[in-house]
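Residue-level listing of the chains:
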Amino acid sequence: MEKSIFDTIDPRMLERIRAFRLMDDDFMTIVFSSDPKAAEFLLRIILERDDLTVKSCMSQQEKRNLYGRSVILDIIAEDTEHKLYNIEIQRSDKGNSPKRVRYNAAMIDSHTLHRGKDFTDLPELYIIFITEHDYLKLKKPYYKVKKYFDVTDKNGQKIAYDDGINVMYVNGTYRGNDAIGKLMHDFCTPNADDMYYAEIAKRVKFHKQEEQGVGKVCRVWEQYGDERAAEAKQIGILEGKQEGIKEGKLVGLKEGKLVGLKEGENTGKQKMAISLLKDGTLSVQKIAEISGFSVEQLQMMVDEISR
């Protein structure tokens, strides 16, 4: 009898998959990937619109910049009116920076406007950050950004500055008895049976409980893991070198404790290893192969992180 994926999958991986929430950006992109109807359902709730029809949806879209930093966007959707929607999960307060919004918009625009087109041809763009924490700590379901000139019209009204970019922060902690409150509840629970929206619960169950869905999560997660390992390795080495120059001492391991070292590359390796350990995507054995640390050394780092 042919074995199913549930017979061969690492139990730790299966446990992690079952603990995923839609507030975990990688899992969210898998659940909503290439499904216009799912993205449409999500956007209709967030934007409180019944007339929005999504014609295309893509996830993990990389926007390359030949002269600077590239970005990978969680979800990009387009509706039948050619309006674009960028949906991002932000669990870290640091990732909520208005300058992050500015850069995302710039990268999307630079890949949207083709040569020979006028700037007026840029489509209307919505950038929606679903944040794990309350961005402004005002307990509102969402916060919309409005832009105005610093003068008023003849009636004393503010004059809108319409650049076609609509920015919205959705409060992941909001639990009001309304559509967005229920949606944020569903985004923050790992259990599909506890969800309000059957449309979302069905897709979460598929990716957590059915063989084909779990297999897809494993494949994509391994790909993400390899990409994150390479990125963490590069960032760790660069950060380690910079800190070594700046501080003259670097952090390493000795006799089970974190102590100073002299070479930036060692700190870079450690930063990379700690980043991967915190992420939890790869096994300790795999991280040991990538980083060059022993399993015992990595376990020391885990213990240090947990303190």
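Structure's up top.
Residues numbered from 1 in each chain as written. Predicted model: local features only at pLDDT ≥ 70, side-chain atom pairs only at ≥ 80, totals over all residues. Heavy atoms only, no water.

(A) The overall build of the protein chain, seen in detail. Check the secondary structure of the protein chain and you find 11 helices and 10 strands. Within the protein chain, contacts between residues separated by at least 24 positions form 58% of all contacts whose residues are at least 6 apart in sequence. Total accessible area computed for the protein chain in this model is approximately 18200 Å², and 49% of it derives from carbon and sulfur atoms. (Helix = DSSP H or I, 4+ residues; strand = E, 2+ residues; numbered from the N terminus. Contact = heavy atoms within 4.5 Å. Areas by Shrake-Rupley, 256 points an atom, 1.4 Å probe, with all protein chains shown as cover.)

(B) Molecular detail of the nonpolar core. In terms of nonpolar packing, the biggest core is built from 49 residues, with F32, L43, I46, L47, I130, L183 and F187 touching the most fellow members. With 7 residues, the top contributor of residues to this core is helix 4 (residues 36-47). Grouped together as the second largest cluster of nonpolar side chains are 14 residues, L73, L84, L125 and F129 included. (Core = buried A, V, L, I, M, F, W, Y, C linked by side-chain atoms within 4.5 Å. Buried < 20%, exposed > 50% of the residue type's maximum accessible area, 1.4 Å probe, protein only.)

(C) How the structure looks around the packing of aromatic side chains. With the rule as written, the count across this model stands at 7 aromatic pairs. Judged by centre distance (6.4 Å) and plane angle (20 degrees), the rings of F32 and F187 are stacked. Of this pair, F32 sits in helix 3 (residues 25-32) while F187 is found in helix 6 (residues 179-187), placing the two residues 155 residues apart along the sequence. Judged by its relative accessible area of 0%, F187 falls in the buried class. With a centroid separation of 5.7 Å and an interplanar angle of 85 degrees, the aromatic rings of F129 and Y169 are classed as edge-to-face. Remark: Y169 occurs in strand 8 (residues 165-171) and F129 occurs in strand 4 (residues 125-131); sequence separation between them is 40 residues. Accessibility classification places F129 together with Y169 in one group, the buried group. Among the aromatic residues, those joined into a cluster by ring pairs are F129, Y135 and Y169. In this structure, K158 packs its charged tip against the face of Y148, placed 5.2 Å from the ring centre. (Phe/Tyr/Trp six-rings, centres within 6.5 Å; stacked < 30°, edge-to-face > 60°. Lys NZ or Arg CZ within 6 Å of the ring centre and 35° of its normal.)

(D) Molecular detail of the environment of F293. By the element assignment, F293 lies in the loop between helix 10 (284-291) and helix 11 (295-306). Residue class for F293 comes out buried when judged on its relative accessible area of 12%. Residues F293 and A273, spaced 20 residues apart in sequence, show a C-alpha to C-alpha distance of 8.2 Å.

(E) Fine view of the packing of helix 3 against helix 7 (residues 198-209). For the pair helix 3 and helix 7, the least separation of the axes is 10 Å and the interaxial angle reads 110 degrees. Comparing their axes, helix 7 and helix 3 come out roughly perpendicular. Between helix 3 and helix 7, the contacting residues are F27, I30, V31 and F32 on the first element and R203, V204, H207 and K208 on the second. Residue composition of the contact of helix 3 with helix 7, by class: 5 nonpolar, 1 polar and 2 charged. (Axes fitted to C-alpha atoms, helices over the stretch in contact; angles between N-to-C directions. Parallel < 35°, antiparallel > 145°, perpendicular 65-115°, else oblique. Nonpolar A, V, L, I, M, F, W, Y, C, P; charged D, E, K, R; others polar.)

(F) Structural context of the sheet that holds strand 2 (residues 71-79). In spatial order, the strands read 1-2-3-4-8-5; together these 6 strands make up an open sheet with mixed pairing. Each having just a single partner strand, strand 1 (54-63) and strand 5 (142-145) make up the two edges of the open sheet. Within the sheet, the average angular offset between the axes of one strand and its neighbour, ignoring direction, is 20 degrees. Taken together, the 4 bridges between strand 5 and strand 8 define a ladder with antiparallel strand orientation. Bridge pairing links V145 to V167 in strand 8. The sheet contacts of helix 3 involve strand 1, strand 2 and strand 3 (84-90), and relative to strand 2 the element is tilted by about 30 degrees. Where helix 5 (residues 98-112) meets the sheet, its contacts fall on strand 1, strand 2, strand 3, strand 4 and strand 8, and the angle it forms with strand 4 comes to roughly 140 degrees. (Pairing = 2+ DSSP bridges.)

(G) Helix 2 (residues 11-19), seen in detail. Residues of helix 2 that are buried: M13, L14 and I17. Seen from one end, helix 2 has its buried residues packed into an arc of 100 degrees, which puts them on one side. Residues of helix 2 that are exposed and point more than 90 degrees away from the buried face comprise P11 and E15. (Arc of directions from axis to C-beta.)

(H) Examining the packing of helix 4 against helix 6 more closely. Here helix 4 crosses helix 6 at 130 degrees, and the two axes come no closer than 8 Å. Considering their axes alone, helix 4 and helix 6 lie oblique with respect to each other. Along this stretch, helix 4 crosses helix 6, giving a crossing that reads as left-handed. Contact residues: helix 4 offers L42, I45 and I46, while helix 6 offers A179, I180, L183 and F187. Across the contact of helix 4 with helix 6, the residue classes break down as 7 nonpolar, no polar and no charged. (Left-handed = near helix turned anticlockwise from the far one by under 90°.)

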